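Chain and residue survey
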Amino acid sequence: MKLIDLSVILNQQTPVYPGDPAVKIEPVGVIERDGWNDHLVSLNTHAGTHIDAPLHMIADGKTLDQIPIEQFAGRGRLVAVTGEFSLNELQNANIQEDDIVLFCTGMSEKYHEPIYFESYPVMSEEIAYYLVERKVKMIGVDAGSVDNVDGFPIHKILLAGGVLVIENLTNLNQLTDKNFIVYALPIKLDIDGAPARVIAETT
């Protein structure tokens, strides 16, 4: 068994989606002065590696705390994206109900470059509907979003269909040709999304 961390580090240098507030971390307890260290953290719920709940894009959608805990873990399937998303490649990936499908686009290598949020591949609506039809638990990408057009149609298709979305993953290349289980555990907030620690357990 090997555990692979698929999460980025959250600190004040963490890149954020254009227009979102930067991550801020400030000490409120200092060990030399107070006898303990403590910090106040201010961040957007979609900063760093995070999970989108349906409420993120669906007006009456579920909040994270309303999602059954079982949905945050499951068999992982890695799909390589070379240039663009391919429905044919996805159909050949043996996707089963309750799987967690991770798409390796290679964008995580550009995480601290402007292009990360400016030019990245996204799936088609056809692929999004296919994933909903397959009844997967979650999908994840090593990019800043699953959408690149106004209206966020891919988010809406997935979230309305009960498929949670993980964004800003890393280290997906370490899962190539491996069988693995995904554990994607967000902070239990009763809102639209939250940072998550996402790991893969190879089997």
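A short tour of the structure in this document, coming up. (Residues numbered from 1 in each chain as written. Predicted model: local features only at pLDDT ≥ 70, side-chain atom pairs only at ≥ 80, totals over all residues. Heavy atoms only, no water.)

Turning to the overall build of the protein, a few remarks are in order. If you tally the helices and strands in the protein, you get four helices and 10 strands. Counting helices and strands in the order they occur from the N terminus, the protein gives β-β-α-β-β-β-α-β-α-β-α-β-β-β. For the protein, the C-alpha radius of gyration of 17 Å lies close to 17 Å, the compact-globule estimate for 203 residues. Here the protein holds 203 residues, and the buried ones make up 46% of them. The long-range share in the protein, meaning contacts at least 24 apart out of those at least 6 apart in sequence, stands at 70%. For the protein, the exposed surface amounts to about 10,500 Å²; the carbon and sulfur share of it is 50%. Between the mean site of the 14 positive side-chain charges and the mean site of the 29 negative ones, the protein shows a separation of 6 Å. (Helix = DSSP H or I, 4+ residues; strand = E, 2+ residues; numbered from the N terminus. Rg over C-alpha atoms; globule rule 2.2 N^0.38 Å. Buried < 20%, exposed > 50% of the residue type's maximum accessible area, 1.4 Å probe, protein only. Contact = heavy atoms within 4.5 Å. Areas by Shrake-Rupley, 256 points an atom, 1.4 Å probe, with all protein chains shown as cover. Lys, Arg positive; Asp, Glu negative; His and termini not counted. Charge placed at Lys NZ, Arg CZ, Asp CG, Glu CD.)

Looking now at helix α4 (residues 153-160). Along α4, the residues that are buried comprise Ile154, His155, Ile157, Leu158 and Leu159. Tucked into the core, α4 has its buried residues touching β4 (50-52), α3 (125-133), β7 (138-141) and β8 (164-167). Gly162, located one to two residues past α4, shows a positive phi value of around 85°.

What follows is about the pattern of salt bridges. This model, assessed by the stated rule, comprises three salt bridges. Across the pair Arg197 and Asp5 runs a salt bridge, and its minimum N-O distance is 2.8 Å. Of this pair, Arg197 sits in strand β10 (residues 193-202) while Asp5 sits in strand β1 (residues 2-5); the two residues are 192 residues apart in sequence, bridging distant segments of the chain. For Arg197, a relative accessible area of 53% corresponds to the exposed category. For Asp5, a relative accessible area of 27% translates into the label partly exposed. With a closest N to O distance of 2.8 Å, Asp34 and Arg33 form a salt bridge. On the basis of relative accessible area, Asp34 is assigned to the partly exposed category, the value being 26%. (Salt bridge = Lys/Arg side-chain N within 4 Å of Asp/Glu carboxyl O.)

Moving on, we come to the packing of α3 against α4. α4 packs onto α3 with a crossing angle of 10° between their chain directions and a minimal axis gap of 9 Å. Taken together, the axis directions place α3 and α4 in an arrangement best described as roughly parallel. Judged by residue contacts, Glu125, Ala128, Tyr129, Leu131 and Val132 of α3 engage Pro153, Ile154, Ile157 and Leu158 from α4. (Axes fitted to C-alpha atoms, helices over the stretch in contact; angles between N-to-C directions. Parallel < 35°, antiparallel > 145°, perpendicular 65-115°, else oblique.)

Once that is clear, we can look at the nonpolar core. One finds Leu90, Val101, Phe103, Met123, Leu131, Ile139 and Leu158 to be the most contacted residues of the largest nonpolar core, which totals 33 residues. When contributions to this core are tallied by element, the ones reaching two or more residues are α2 (87-91), β6 (100-104), α3, β7 and α4. In contact with Leu131, not counting residues within four places along its chain, are Leu90, Val101, Phe103, Met123, Val136, Ile139, Leu158 and Val163. If you look at the next biggest cluster of nonpolar residues, it comprises 23 residues, including Ile100, Cys104, Leu164 and Ala196. (Core = buried A, V, L, I, M, F, W, Y, C linked by side-chain atoms within 4.5 Å.)

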